[in-house]
Amino acid sequence: MESEYLRTINRLAKWRTVFAGRWLGTRIATDSEAIAVRDFAEKYLVLRVEVTALVVLLERAGIFITGQFENQIIKECDYLQRQLEQQFPGFKATDDGMHVDTARAVETTKGWPK
């Protein structure tokens, strides 16, 4: 089982190259930005399947039902939205996209790359 697990995770992680190419274009394997994007993408992909697997197993075990999980996700999203709005004054995510109060955001983005 362990070898199948590792083989499957490794196969999924190969998508990291596609994400890096989409983000940065074609880069050599040793490019530091490409390495960082590939690393981030791999962690995101693995985390996604791990969390999904945990949720499915917990639901099947009767620990919670889908509605409870979805309700908690709503609460967690709302909490994180508030935290991000505090971290990035002038920015707010809405159903239609990002709303940016440029008067406030100018201070927030000071020092960001142009």
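Residues numbered from 1 in each chain as written. Predicted model: local features only at pLDDT ≥ 70, side-chain atom pairs only at ≥ 80, totals over all residues. Heavy atoms only, no water.

A. Seen up close, the side chain of Arg 38. Position of Arg 38 among the secondary structure elements: in helix α3 (residues 32–60). Within the structure, the side chain of Arg 38 is placed 2.8 Å from the backbone oxygen of Ala 29, a separation counted as a polar contact. For Arg 38, the contacting residues outside a window of four places in its chain are Arg 16, Thr 17, Ala 20, Ile 28 and Ala 29. (Helix = DSSP H or I, 4+ residues; strand = E, 2+ residues; numbered from the N terminus. Polar contact = N/O pair within 3.5 Å; in protein donor to acceptor, adjacent residues only side chain to side chain. Contact = heavy atoms within 4.5 Å.)

B. Expanded view of the packing of helix α2 (residues 16–24) against α3. Where α2 contacts α3, the axes come no closer than 8 Å and their chain directions differ by 130°. Taken together, the axes of α2 and α3 lie oblique to each other. When the axes of α2 and α3 are compared, the crossing they make is right-handed. Listed contacts from α3 to Arg 16, Thr 17, Phe 19, Ala 20, Trp 23 and Leu 24 of α2 are Glu 33, Ala 34, Val 37, Arg 38, Phe 40, Ala 41, Glu 42 and Leu 45. Broken down by class, the residue content of the contact of α2 with α3 amounts to nine nonpolar, one polar and four charged. (Axes fitted to C-alpha atoms, helices over the stretch in contact; angles between N-to-C directions. Parallel < 35°, antiparallel > 145°, perpendicular 65-115°, else oblique. Left-handed = near helix turned anticlockwise from the far one by under 90°. Nonpolar A, V, L, I, M, F, W, Y, C, P; charged D, E, K, R; others polar.)

C. Quick look at the layout of surface pockets. Approximately 170 Å³ is the volume found for the largest pocket. Taken together, Met 1, Tyr 5, Thr 8, Ile 9, Leu 12, Val 49, Glu 50 and Ala 53 make up the full set of residues lining the largest pocket. Only α1 (2–13) and α3 provide two or more residues apiece to the lining of the largest pocket. The greatest single-element share of the lining of the largest pocket, amounting to four residues, is contributed by α1. Class assignment of the residues belonging to the lining of the largest pocket gives a composition of six nonpolar, one polar and one charged. (1 Å grid on protein atoms, 1.4 Å probe; cavity = no way out; pocket = protein on both sides within 12 Å on 5 of 7 lines; lining within 4 Å. Points joined across faces, edges and corners; volume = space filled by probe spheres on them.)

D. The arrangement of the packing of α1 against α3 in detail. With their axes 9 Å apart at the nearest point, α1 and α3 run at an angle of 130° to one another. When the axes of α1 and α3 are compared, the pair comes out oblique. Crossing angle aside, the handedness with which α1 passes α3 is right-handed. Residues Tyr 5, Ile 9, Leu 12 and Ala 13 of α1 touch α3, and the partners they reach there are Glu 42, Leu 45, Val 46, Val 49 and Glu 50. Residue classes in the contact of α1 with α3 are distributed as seven nonpolar, no polar and two charged.

E. Representation of the pairing of strand β1 (residues 91–94) within the structure. The sheet contact formed by β1 and strand β2 (residues 97–100) spans four bridges and is antiparallel. Residue pairing for β2: Thr 94 is matched across the bridge by Gly 97. Counted between consecutive antiparallel strands, the loop separating β1 from β2 contains two residues. (Pairing = 2+ DSSP bridges.)

F. Summary view of the side chain of Thr 108. Relative to the elements of secondary structure, Thr 108 occurs in helix α5 (residues 102–108). Once you skip the residues sitting within four places of it in the chain, Thr 108 turns out to touch Phe 88, Pro 89 and Phe 91.

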